[in-house]
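In case you want the letters, here they are:
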Amino acid sequence: MTTDVARRVAAIWRIEGARVVATLARVVGDLGTAEDLAQDAVAEALEQWPRDGIPNNPGAWLTTVAKRRAIDGWRRQQRLEERYRLLGADLEDVPDADWQPIPDDVLRLVFAACHPVLSREAQVALTLKVVGGLDTEAIARLFLVPVPTMQQRIVRAKKALSAARVPFAVPEPSEWPARRAAVLTVIYLVFTEGYGASSGDAVLRTELAHEAIRLGRVLGALLPREPEVLGLSALMELQASRFAARVDAHGDAVLLADQDRRRWDRSAIARGRDLLQRADALGRRRGPYALQAAIALCHAEARSVEQTDWDRIVLLYEMLGRIAPSPVVELNRAVAVSMASGPLDALAIVDGLVGTGALKGSHLLPSVRGELLSRLGRTREAHEELCSAAESTRNEREAALLRRKADALSD
Amino acid sequence: MKFMLIMRGTDEAYAAYKQIPFEQIINDMGAYNESMMTAGVLVAGDGLAEDMSKNFVVEFGGEEPVVTDGPYGETHELFNGFWIIEVSTREEAIEWARRAPLIAGNKLEVRRVTDETDFAAFADNEYIQKEEGWREEQASR
């Protein structure tokens, strides 16, 4: 019975948590305090609900109890008379059954959790905690760190917000682009942490990626007129559509070219396509996420590597390189060029990259270069590059794959 | 994991709905849908029309399937709408289902939607492959 209630409380918290914390944060003016109060209310629920039953509007119950706790705290401190009176009035204004969270509060919550005073790590943890409604144990499990480490990270994040007196507010228009970009980065980091096949249990990884997709949907509902928010959701849906096909029966990563495309999730592809169309329909220039989503869509719609519209992909990478230049984008463009117009043109781009010294120490450059050289029949150089790539990667499976490729050349 | 919330109404519910202004029903449903959208769980959903000039039933039994216009014979519970939600636990699906703004006489049947893991052992099956091909065509419409 008690565990049943505990499971229900966890489910209710997943649904209501963000809005409860957001409402409280607006009242008390501080995210950390709001989160602590809400957790106290959850503890009280775990005590009371098994005995008294679960209230009709559990979100309202939690909010009311947490507000009462806030008042008790202030009363004990015998200060902030004015705030107490204000809060008291507010409390009376909110009869349980009519409690409706204000959506804007959740938006403030997202921006507070991704505030620039916090490290990226702290932003990620706090976003999953307060917006995603995950408990600290779950977040620690998903990120493969000990629970106390995650606990500390979250406590420190909340303290940092209080210490910096970060207002519980939506950013000013002048700050908007940078702050929005930070939120998108945090969500995409959660996704890539789940999508990256680097380590850990495949099921957990999928769970984390789905959490990011959910956060993307939350943000899309809050900011329906921001094309990059939709672009990010499109990108995540399209990448996630390949989940089932990207690992083989032994848990080894399968390259895009070798994936069984029948196992791609067609409904996720359809959702990704719709999201990208919605982003485009807003009539602004595509941002980096929308462009990456468009590239992912080219792959998703192709029946095979050979039937892929590589010219279009090259064009999209060129556009991406113009608005968000990076060596990785340039390298991806090279790969696309090699498919569209052959390895020689691509090698020129890669050699240009080598010349700049970018991506030094990464296995990416030598592995692509090795691949191109091998296609050009320059076997000895290719072998050398692939071996050096194998030495540069810390991912054992990837290294093994590269070594196999190198060995195949010397046969 | 995905769940389908299947709405079923009885004659009792249909009669009761006639007493409620249609706009209120739209508002209640709209608020519910919006809450699932803002929580990032809503994947799909639609209502099914009570359009007797378009609806029909195909019954299988004899040599040939028999097509008849609605209404639906002896059926007392009509399937009249659905939502597909994506959540992390069964409990979460239950909490969402409980929140549906449905009046007395309605029922929600909640079913987990199969995903490809359900058919992983049959990935090479000819029919599974055909199914995938069909989905592919749908998706690249």
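A.B. asks: Is there a simple way to think about the sheet that holds strand S5 (residues 78–86) of chain B in this case?
C.D. replies: Sheets are built from strands paired through backbone hydrogen bonds, the pairs being either parallel or antiparallel. All names here are of chain B. Taken together, four strands build an open sheet; the order of strands is S2-S5-S1-S6 and the sheet is antiparallel. With one partner strand each, in any of the chains shown, strand S2 (42–47) and strand S6 (106–112) form the two edges of the open sheet. Shown here is a sheet whose adjacent strand axes are inclined to one another by a mean of 20 degrees, direction ignored. As defined by bridge partners, strand S1 (residues 2–9) adjoins S5 across eight bridges and the pair is classed as antiparallel. Each bridged residue has a counterpart across the sheet, and for Arg 8 the counterpart in S5 is Phe 79. In the packing of helix H3 (residues 90–98) onto the sheet, contacts are made with S1, S5 and S6, and the angle to S6 comes to roughly 160 degrees.

A.B. asks: Any chance you could explain the packing of helix H12 (residues 266–281) of chain A against helix H13 (residues 288–301) of chain A here in plain terms?
C.D. replies: The description of two helices packed together rests on the angle between their axes and the distance between the axes. Residue and element names in this part refer to chain A. Direction vectors running N to C along H12 and H13 enclose 140 degrees, while the axes themselves pass 10 Å from each other. One way to sum up the angle between H12 and H13 is to call them oblique. Judged by the twist between their axes, the crossing of H12 over H13 is left-handed. For the pair formed by H12 and H13, the contact residues are Ile 269, Gly 272, Arg 273, Leu 276 and Ala 279 on the first element and Ala 290, Ala 293, Ala 294, Leu 297 and Ala 300 on the second.

A.B. asks: Can you help me understand unusual backbone geometry in this one?
C.D. replies: All names here are of chain A. One non-glycine residue, Arg 165, adopts positive backbone phi at about 50 degrees. You will see that Leu 359, though not glycine, has its phi angle at about 60 degrees, which is positive. Along the chain, the position of Leu 359 falls in the loop between helix H16 (343–356) and helix H17 (364–375). On the neighbour-count criterion, Leu 359 (20 C-beta atoms within 10 Å) is buried.

Rules used in this analysis
- Residues numbered from 1 in each chain as written.
- Chains lettered and ligands numbered in written order.
- Predicted model: local features only at pLDDT ≥ 70, side-chain atom pairs only at ≥ 80, totals over all residues.
- Pairing = 2+ DSSP bridges.
- Helix = DSSP H or I, 4+ residues; strand = E, 2+ residues; numbered from the N terminus.
- Axes fitted to C-alpha atoms, helices over the stretch in contact; angles between N-to-C directions.
- Contact = placed C-beta atoms within 7 Å.
- Parallel < 35°, antiparallel > 145°, perpendicular 65-115°, else oblique.
- Left-handed = near helix turned anticlockwise from the far one by under 90°.
- Buried ≥ 20, exposed ≤ 12 C-beta atoms within 10 Å, placed from the backbone.

Limitation: the analysis is restricted to geometry and does not speak to function.
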